[in-house]
Amino acid sequence: MTPDDNPEEDNDMAGHDENFKDDSGLLAVFLGLAVLLGMSALPATIGWVQLATG
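Source: prediction; values computed, not measured.

Take the overall build of the chain next. Within the chain one finds one helix and zero strands. The 54 residues of the chain split such that 0% are buried. In the structure as shown, the chain presents an accessible area of about 5300 Å², 64% of it carried by carbon and sulfur atoms.

If you want it as structure tokens, here you go:
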């Protein structure tokens, strides 16, 4: 069976649920921590790049 045999499933990604809702807020907390860690590491990253490039 090829993907063209069933046009209804052409737009579906594997395991993707369009009606997914994060009621627990875990996804928001995880993304918030990821952004916070990324922003806090930015000055150190800039410093390392400046040291490495002279």
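From this point on, the discussion continues.
This next bit is on helix α1 (residues 26-53). Compared with an ideal rise of 1.5 Å per residue, which puts 28 residues at 40 Å, α1 spans 39 Å between its outermost C-alpha atoms and is within 8% of the ideal. A bend of about 35° at Leu-42 is the largest found in α1, and the proline Pro-43 appears one to four places after it. Just downstream of α1, Gly-54 is the residue with a positive phi angle, here 85°.

A separate point is the UniProt feature "transmembrane region" (unreviewed entry) in the chain. Feature annotation in UniProt places "transmembrane region" (unreviewed entry) on residues 26-49, given in this structure's numbering. Here residues 26-49 is 100% helix and 0% strand, with 34 Å between the C-alpha atoms at its ends.

In this section: a nonpolar patch on the surface. Together, Phe-20, Leu-27, Phe-30 and Leu-31 make up a nonpolar patch on the protein surface, roughly 450 Å² of accessible area in all. Relative to the helices and strands, Leu-27 resides in helix α1.

The next point concerns the pattern of salt bridges. Using the criterion set out here, one finds one salt bridge in the structure. Here Lys-21 ties to Asp-23 by a salt bridge, and the two come within 3.8 Å at their closest N and O atoms. Of the two residues, Lys-21 and Asp-23, neither departs from the other in class, the shared state being exposed.

Relative to the helices and strands, Ser-40 resides in helix α1. Overall, the relative accessible area of 52% leaves Ser-40 in the exposed class. Among the polar contacts made by the side chain of Ser-40, one reaches the main-chain carbonyl oxygen of Leu-37 at a distance of 2.9 Å.

Calculation criteria
Residues numbered from 1 in each chain as written. Predicted model: local features only at pLDDT ≥ 70, side-chain atom pairs only at ≥ 80, totals over all residues. Heavy atoms only, no water. Helix = DSSP H or I, 4+ residues; strand = E, 2+ residues; numbered from the N terminus. Buried < 20%, exposed > 50% of the residue type's maximum accessible area, 1.4 Å probe, protein only. Areas by Shrake-Rupley, 256 points an atom, 1.4 Å probe, with all protein chains shown as cover. Expected span 1.5 Å × (residues − 1). Bend = angle between axes of the 7 residues up to and from the residue. UniProt positions renumbered as here; feature names shortened; annotations may be inferred. Patch = residues over 30% accessible without salt bridge, like charges linked within 9 Å, V, L, I, M, F, W, Y side chains within 5 Å. Salt bridge = Lys/Arg side-chain N within 4 Å of Asp/Glu carboxyl O. Polar contact = N/O pair within 3.5 Å; in protein donor to acceptor, adjacent residues only side chain to side chain.

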